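Close look at the chain arrangement
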Amino acid sequence: MNSLKLILCLLIALSLLPVVSSSLLILSQFDYDYSLISSELSLMELRELLLYAYDIRISDNELLFHCKGKEASIGLVNSKLIMKPGTIIVVDEVEEVLFFQRNGNIYLRYKRKNIEYETLIAKEEGICLSDFYRCFDDSDYSDNTDAPLS
C-alpha cells in the first residue's frame, strides 16, 4: 500500500514538472527594472510627506515647501532628484526634471534612461480643513433623520 502511494506521488510530481519548468522559463524572460520600482516607492513617500507640507511653490525647476517647521526643497543635483535638508535621493539616474502645476495640482515630469515619466505629487495647497469640509457639506440634506438613504 505504501509503495502504491509513493508511485502515485511520483507520477503526480513528474506530471507537474513540465508545467512548472515552462512557467519558470516564461517568468525568467521578464526584465524587471528594480530601480524604477525603487523610484516609485520613493515617490510614494514624497507624496505622503507633501500631504503635511504647506507653502508649496515651484521656483527655478525646484519644489520648495515647509514641513515640520522647516523649509525643504527638491531638485536635480548630479543626475539625482534630491530632497534637502539632508540628502535624501528620491529618484536616481535622472536626466531632466520639471515641476509644474495643472488644475491646482503639482506634477513632476522627469526623464530617466531616455523615457519620460509624469506623476502627480501634491495638491497645490496640500490638505486644508476648508477643502475637507467642502467635501462633506451637508447643507443640501434635510433634518429628517428618518428619510431613507439613497
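Residues numbered from 1 in each chain as written. Predicted model: local features only at pLDDT ≥ 70, side-chain atom pairs only at ≥ 80, totals over all residues. Heavy atoms only, no water.

**Quick look at helix H2 (residues 34-51)**
- Under the 1.5 Å per step criterion, the end-to-end length of H2 is 26 Å for 18 residues, consistent within 8% with the ideal 26 Å.
- Within H2, burial applies to Ser39, Ser42, Leu43, Leu46 and Leu50. The arc enclosing the buried residues of H2, seen along the axis, measures out at 105°, which places them on a common side. Relative to its buried face, H2 has exposed residues pointing more than 90 degrees away, namely Tyr34 and Glu45. (Helix = DSSP H or I, 4+ residues; strand = E, 2+ residues; numbered from the N terminus. Expected span 1.5 Å × (residues − 1). Buried < 20%, exposed > 50% of the residue type's maximum accessible area, 1.4 Å probe, protein only. Arc of directions from axis to C-beta.)

**Some words on the side chain of serine 39**
- Turning to its location among the elements, serine 39 is positioned in helix H2.
- Apart from the residues within four sequence positions on either side, serine 39 is in contact with Val90, Val91, Asp92 and Arg112. (Contact = heavy atoms within 4.5 Å.)

**Focus on the sheet that holds strand S7 (residues 105-112)**
- If you trace the 3 strands from one edge of the open sheet to the other, you get S6-S7-S8, paired in antiparallel fashion. Among the strands making up the open sheet, the edge pair consists of strand S6 (96-102) and strand S8 (115-123). Averaged over all pairs of adjacent strands, the angle between strand axes in this sheet comes to 20°, irrespective of strand direction.
- Each of S7 and S8 is contacted by H2, which is oriented at about 20° to S8, the strand it contacts most. (Pairing = 2+ DSSP bridges. Axes fitted to C-alpha atoms, helices over the stretch in contact; angles between N-to-C directions.)

**Here we look at the environment of leucine 64**
- Secondary-structure assignment places leucine 64 in strand S2 (residues 62-67).
- Judged by its relative accessible area of 13%, leucine 64 falls in the buried class.
- Between the alpha carbons of leucine 64 and lysine 84 there is a distance of 9.6 Å; along the sequence they are 20 residues apart.
- If sequence neighbours within four positions are ignored, leucine 64 has contacts with Asp55, Ile56, Arg57, Ser59, Glu71, Ala72 and Ser73.

**Some thoughts on the sheet that holds strand S5 (residues 88-92)**
- Taken together, 5 strands build an open sheet; the order of strands is S1-S2-S3-S4-S5 and the sheet is antiparallel. Looking at which strands have only one partner, the edges of the open sheet turn out to be strand S1 (54-59) and S5. In this sheet, adjacent strand axes meet at a mean angle of 20° when their direction is disregarded.
- Relative to S2, S1 runs antiparallel, the two sharing 4 bridges. Within S2, the position partnered with isoleucine 58 by the bridge is leucine 63.
- Contacting S1, S2, strand S3 (70-77), strand S4 (80-84) and S5, H2 runs over the sheet at an angle of about 130° to S5.

**Some details on the packing of aromatic side chains**
- The tally for this structure, following the rule as stated, stands at 2 aromatic pairs.
- Plain terms: the ring middles of phenylalanine 100 and tyrosine 107 are 5.5 Å apart, the flat faces sit at 15° to each other, and that makes the pair stacked. As far as burial versus exposure is concerned, phenylalanine 100 and tyrosine 107 are alike and both buried.
- With a centroid separation of 5.2 Å and 25° between ring planes, the pair formed by tyrosine 110 and tyrosine 117 is classed as stacked.
- On the basis of relative accessible area, tyrosine 117 is assigned to the partly exposed category, the value being 21%.
- The positively charged end of arginine 102 is found above the aromatic ring belonging to tyrosine 107, 4.4 Å away from the centroid. (Phe/Tyr/Trp six-rings, centres within 6.5 Å; stacked < 30°, edge-to-face > 60°. Lys NZ or Arg CZ within 6 Å of the ring centre and 35° of its normal.)

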